[in-house]
Amino acid sequence: GEHSSMVAVGMVTFALVPLPFLVSAAYGIRKYPAKVKSTHSKTFLLYCRFLFSRFNPQTYYYGSVMLLRSFLITIVPVAFKDVGVQMIVLTATLLCFSALQTWLRPWRSRIANMLDTMSSVLVLLVLVSASLAGGVEVTLSSIGTISSVIFGFLAFGTLASMIATAALLFAKRVPKYSHFICHHKAAASAQARLMKMVLNEQSSAARVFIDSDDLKNLDELFNVVKTDVATLVVYLTRDTLRRPWCAGEVTTAFKTMSARVVAVWARGFVAPAEDELMHLDTYIDLDGCNLAQYNIFENDIRVSFNKLLGAETPHISMRTGCSSSVQFKAITSELLKRNMPEPPKGLPPVPDEAGLILISAEPGNDEAMAAASILASKVQDAVFREFDGAAGLVIPLSDRDLGDLNAIESCLASARAIIILLSAGTMQSPSQLVAILESASRKAVLPKQMSKGSTDPMTSPKSLSDNCVVIPMTLPGFTFPSDHYYSTILPGMVPTGTDGPEASVRVFFKLIAAPFSIEASDQVLDVQAKGVAARVPKNVSKCKSTIRQDFMDALNSVAIRSSIPSSDRELQAIEASFFPQFRDMEEVAAVATGAVMETFLTSSLEVGLKQSL
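Participant: Where do I start with the packing of helix H1 (residues 2-16) against helix H2 (residues 18-37) in this structure?
Facilitator: Pairs of packed helices are described in terms of their axes, by the angle between the two and the distance that separates them. Orientation of H1 relative to H2, taken along the N-to-C sense of each, is 30°, at an axis distance of 3 Å. By the criterion of interaxial angle, the relationship of H1 to H2 is roughly parallel. On H2, the residues touching Thr13, Phe14, Ala15 and Leu16 of H1 are Pro18, Leu19 and Pro20. Of the residues contributing to the contact of H1 with H2, the split by class is six nonpolar, one polar and no charged.

So this is what it looks like as structure tokens:
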């Protein structure tokens, strides 16, 4: 009768209002990670901010938990007629969600987490007080039913725990990560990421751990090495073994014998001397890290280092005279125990083709060249989608034969876009200086020569669709040139004059340089690469370079004089002069968000700066 009709009305109302809202909220929460990465999701993030803005990024989904809690609280009086049962079920529901909130601590502020817990406790007290004051009667059958359900859950949980424990003891454990790349983050973040990318390309089953992507809790790092890693890859750069976390990872792997250890000897690595191994307290930088609290002691580290550097540990040496991608393909082939055909000797020539997206990086700097390969891969993926399947557009110049600067100049003159990665030795690199001068000659116009209404002094009066786009990006360790550089170093590389290269270099650095955060997570790098790809024009006109020939002759002579030395000791001396700051850097904090990457050319600060130039 009347009750049935009201139930029908309630079900229809629920289907029309609450249910669509719950489904929409669940869909928005599920799509949130992908929308954050996208540069075209401002509307979605604006309309759905009530679901995410109050919570930490790690617990962005907690809005769905709160909606589920509210739904269960409202459905209890409908599902149970017995008031006593309602009280018990409501109490159990609030207790479960309160425990979950205390464990996750989802709110952005500590006070909000405390208030949420206190409010749940107060509601529980009100429920208990109301049940006592109202004389709620509970039948024995209801109590028996509830007790049976609780006992059943406890028995099932106990039995499931015993079965799971037995399975873990007798079953062969499959490591969560096939490879763990141990590296010095300040000096080899890009190289470690490039190795991970190549491993994933060569093996679909590979799951590679690097701290930028996978490290959630620093205190659990050694437990990951102990229990979840099949192969520990120790990427040995100059200061890898001086870092306490790297030393702890190596020691953990050898002490527990839980993972296969492979050493990759990068250029510039020098093994510690016997005297340094005897005084590890001064060799390892232990500031801010006490390995003893993780049961790792000096003698354990010494034994592990001897094993790592000895003949019992497989060693892989970096190949010379080939590109970064070829080097890391060779390394990963050895890690995966696969035969790789011998690559051709030497580097391929600079391409003689118009409309390419060229990435200029400092030759001889392994980190900068690896960063160029990473950026090329990510930009190529984005351009492939934007340009309807255009492949092979992105070329890292550091992977090409840079002996002929005139060929580089010609290639840059017909490029669709020039991306210049600015690293510690950029301003002493002839090939990168050519890229800077060519970029300035292609793009630079003085303010008095700009078209009316233009706000970008680096953009020619022609539309961007017909001109090369210049995109400078900074890597950790780059410092902008000082007056000393312009007065002392630059004149030694190219001839000077009133219209010399100094003016072109200074105009180039009026461009706003975006960071390429090689030490950040893969999601951040994807956002930055999409921001770069969005600026690449679909059409480009071939131009002739305007760099003076006497500049090119001088730079060619500098390039010949600064050829890469053959001995490791000379190379180490150059690294020490170019990258002195790498020795003491623990890690670089330069994480760019998608919003910054998307709007850094249109911000009001930039417009004001450019109008003042």
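Participant: Honestly, the packing of helix H9 (residues 185-202) against helix H16 (residues 324-335) in this entry has me stumped. Any pointers?
Facilitator: Put simply, H9 and H16 touch, their axes get as near as 9 Å, and they point 60° apart. What the angle tells us is that H9 and H16 run oblique. Between H9 and H16 the crossing geometry is right-handed. Between H9 and H16, the contacting residues are Gln191, Leu194, Met195, Val198, Leu199 and Gln202 on the first element and Ser324, Phe328, Lys329, Ile331, Thr332, Ser333 and Leu335 on the second. Per-class residue counts for the contact of H9 with H16 are seven nonpolar, five polar and one charged.

Participant: Can you help me understand the packing of aromatic side chains in this one?
Facilitator: Aromatic rings considered in pairs are described by the distance between their centres and by the relative angle of their planes. Tallying each qualifying case throughout the model produces 19 aromatic pairs. Aromatic side chains phenylalanine 55 and tyrosine 62 sit 5.5 Å apart centroid to centroid with 70° between the ring planes, which places their arrangement in the edge-to-face category. Comparing phenylalanine 55 with tyrosine 62 shows no difference in burial state: the two are buried. On the numbers, 5.6 Å between centres and 80° between planes, the contact of phenylalanine 480 with phenylalanine 509 is edge-to-face. In this pair, phenylalanine 480 sits in the loop between strand E9 (469-474) and helix H20 (483-489) while phenylalanine 509 sits in the loop between helix H21 (501-508) and strand E10 (514-515), placing the two residues 29 residues apart along the sequence. Aromatic ring contacts, followed pair by pair, group Tyr32, Phe52, Tyr60 and Tyr61 into a single cluster. Just above the ring of phenylalanine 44 sits the side chain of lysine 35; from NZ or CZ to the centre is 5.5 Å. Positioned over the ring face of tyrosine 486 is arginine 506, at 3.8 Å from the centre of the ring.

Participant: Whenever I open this one, the sheet that holds E9 confuses me. Can you help?
Facilitator: Strand pairing in a sheet relies on backbone hydrogen bonds, with the paired strands running either antiparallel or parallel. Spatially, the five strands line up as an open sheet ordered E7-E6-E8-E9-E10, and their pairing is parallel. Looking at strand neighbours, the two that pair on one side only are strand E7 (394-396) and E10, the edges of this open sheet. For strand E6 (residues 357-360) and strand E8 (residues 417-422), the ladder comprises four bridges, and the chain directions are parallel. In the sheet register, serine 360 faces E8, and the bridge partner there is isoleucine 420.

Participant: Where do I start with the sheet that holds strand E4 (residues 260-265) in this structure?
Facilitator: Taken in spatial order, the five strands make up an open sheet running E2-E1-E3-E4-E5, and their pairing is parallel. Looking at which strands have only one partner, the edges of the open sheet turn out to be strand E2 (208-209) and strand E5 (315-317). Alignment of strand E1 (residues 177-182) against E2, held across two bridges, turns out to be parallel. Across the sheet, phenylalanine 180 pairs through a bridge with phenylalanine 209, a residue of E2.

Participant: Whenever I open this one, unusual backbone geometry confuses me. Can you help?
Facilitator: Both trends apply: most residues other than glycine have a negative phi, and most peptide bonds are in trans. Phi at methionine 257 is positive, roughly 50°, even though this residue is not glycine. Among the secondary structure elements, methionine 257 is positioned in the loop between helix H12 (244-256) and E4. A residue is classified by how much of its surface remains accessible, and methionine 257, at 72% relative accessible area, is exposed. Here asparagine 295, not a glycine, exhibits a phi torsion of approximately 65°, which is positive. Relative to the helices and strands, asparagine 295 is located in the loop between helix H14 (280-283) and helix H15 (298-309).

Procedures and definitions
Residues numbered from 1 in each chain as written. Predicted model: local features only at pLDDT ≥ 70, side-chain atom pairs only at ≥ 80, totals over all residues. Heavy atoms only, no water. Axes fitted to C-alpha atoms, helices over the stretch in contact; angles between N-to-C directions. Helix = DSSP H or I, 4+ residues; strand = E, 2+ residues; numbered from the N terminus. Parallel < 35°, antiparallel > 145°, perpendicular 65-115°, else oblique. Contact = heavy atoms within 4.5 Å. Nonpolar A, V, L, I, M, F, W, Y, C, P; charged D, E, K, R; others polar. Left-handed = near helix turned anticlockwise from the far one by under 90°. Phe/Tyr/Trp six-rings, centres within 6.5 Å; stacked < 30°, edge-to-face > 60°. Buried < 20%, exposed > 50% of the residue type's maximum accessible area, 1.4 Å probe, protein only. Lys NZ or Arg CZ within 6 Å of the ring centre and 35° of its normal. Pairing = 2+ DSSP bridges.

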